[in-house]
Amino acid sequence: MLTLQCPYCGVWAEETELHAEGEAHLKRFGPGSSDDEFESYLFMRENPKGVHFERWRHSNGCGKFFHAARSTTTLEVFGTYSAQTLEPPQDIKDKISAKYPNWSWRDFS
Amino acid sequence: MSKAVSALSGAKFAGFATVTETGLRGMITVRGDLASKEMAAAVKSATGAGVPDQRKVSVGDKGKVAWMSPDELLVVVEYATVLDTVATLTTALAGSHALVANVSDARAVFEISGEGSRDALAKLAPVDLSKSAFAPDEIRRTRIAQVPAAFWQTGDSCFEVICFRSVAQYVFDVLRLSVTNGGEVHHLV
Ligand SMILES: [Zn+2]
């Protein structure tokens, strides 16, 4: 069972109180973008064995979206953080680096 | 005006704890900047209570105020005074980016009372309800079995559960099942 702390209400919520909302930090490409950009925005997703960044929603709770950094292989959670950001906060990146010095995920490392 | 009735007209079931639909309750959703002085003044004049801290419930002479999210409060008052309270809040927040909505008739309220009430609720929600973990002045938004709900304590072994009116029968049924004699867990008292 996955347990994540919602950064908005502070509750340590187990998975059934949350809803998975796909990959984090997607940049939207809409009208005016190239076909390749639009295709990658719509369909191309990371599917890593290891460090991953996801969006979650505290659906049976405060209702807010937030981000989580975790490992898909060990289920270790490195931390959760605000949805009002374009990249993971430094302290979470540091925590990942401490365990996996060579990690990378899209443009982050 | 037509006569307002609650979802289950005071349905009641007694097992090792007692489940009662409490009848009509005034409930107002207020959204806005919870840290602003306008919000503090509005909530104070409507209920007599202060703006609650994260996940807390504050109590005033005219009602109580529950923290629902970083930008949302639930104001709980007598059903008979809800329209006056809405007017007070709306006037007080007139100049702010805020929302005041009367949700009384969109909700149902249940009371679970008696020794086993903590156990009965703990069977239905993914929440640590032990006395050391769940504070007496806390509100918890979560799920009851398969539907969203929220609850708070009104006494040492007494809880109030709110849910959407459309699922009132479902929530009553699962609470009734949970308090049925023979289903005691004796884990939390
Ligand atoms: Zn939350």
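As the structure is a prediction and not an experimental result, all values here were calculated from the model.

## Overview of the pattern of salt bridges
Logical step 1: Within the structure shown, the criterion is met by 15 salt bridges over all chains.
Logical step 2: A salt bridge links Arg 70 of chain A to Glu 54 of chain A, with the nearest nitrogen and oxygen atoms 2.6 Å apart. Highlighted residues: Arg 70 of chain A in strand E5 (residues 65-71) and Glu 54 of chain A in strand E4 (residues 51-57), separated in sequence by 16 residues.
Logical step 3: The class of Arg 70 of chain A is buried, set by a relative accessible area of 11%.
Logical step 4: Across the pair Lys 64 of chain A and Asp 71 of chain B runs a salt bridge, and its minimum N-O distance is 3.0 Å. One end of the pair, Lys 64 of chain A, is in the loop between E4 and E5; the other, Asp 71 of chain B, is in the loop between strand E5 (64-69) and strand E6 (72-77), on a second chain.
Logical step 5: Asp 71 of chain B sits in the partly exposed class, given a relative accessible area of 26%.

## Structural notes on the interface of chain A and chain B
Logical step 1: Of the residues lining the interface, 12 residues belong to chain A; the matching set on chain B comes to 15 residues.
Logical step 2: Surface buried jointly by chain A and chain B totals about 1,000 Å² across both partners, of which 46% is contributed by carbon and sulfur atoms.
Logical step 3: By the criterion of area lost to chain B, the three top residues of chain A are Glu 17, Asn 60 and Lys 64 of chain A, representing 37% of everything that side buries.
Logical step 4: Inspection of the chain A/chain B interface yields two salt bridges.
Logical step 5: Applying the counting criterion to the chain A and chain B interface returns nine residue pairs in polar contact (both at pLDDT 80 or more).
Logical step 6: In terms of residue class, the side of chain A that touches chain B is made up of five nonpolar, four polar and three charged.

What counts and how
- Per chain, the residues get numbers from 1 upward, laid out in the order the sequence is written.
- Naming scheme: in the order in which they are written, chains are lettered from A and ligands are numbered from 1.
- This being a predicted model, a pLDDT of at least 70 is required before a residue's local features are given, and a value of 80 or more before pairs of side-chain atoms are given or counted; all residues contribute to the totals for chains, interfaces and linings.
- Neither water nor hydrogens contribute to the side-chain values; these are computed over all heavy atoms in the structure.
- For salt bridges, the criterion is a side-chain nitrogen of Lys or Arg within 4 Å of an Asp or Glu carboxyl oxygen.
- Runs of E in the DSSP output that reach at least two residues are strands. Runs of H or I that reach at least four are helices, and both are numbered from the N terminus.
- The buried label applies to any residue whose accessible area, calculated with a 1.4 Å probe on protein chains only, is under 20% of its type's maximum; exposed applies above 50%, and partly exposed to all values in between.
- Whether two residues are in contact is decided by their heavy atoms, any of which lying within 4.5 Å being enough.
- Defined here as a combined quantity, buried area equals the accessible surface (1.4 Å probe) lost by two parts on assembly, summed across both.
- In the analysis that follows, any N or O atom pair within 3.5 Å is treated as a polar contact, provided that within protein one partner can donate a hydrogen and the other can accept it, and provided that, for residues neighboring in sequence, both atoms belong to side chains.
- All residues other than Ala, Val, Leu, Ile, Met, Phe, Trp, Tyr, Cys, Pro, Asp, Glu, Lys and Arg, Gly among them, are scored as polar; the first ten of these are nonpolar and the last four charged.

Honestly, it's all geometry; don't read function into it.
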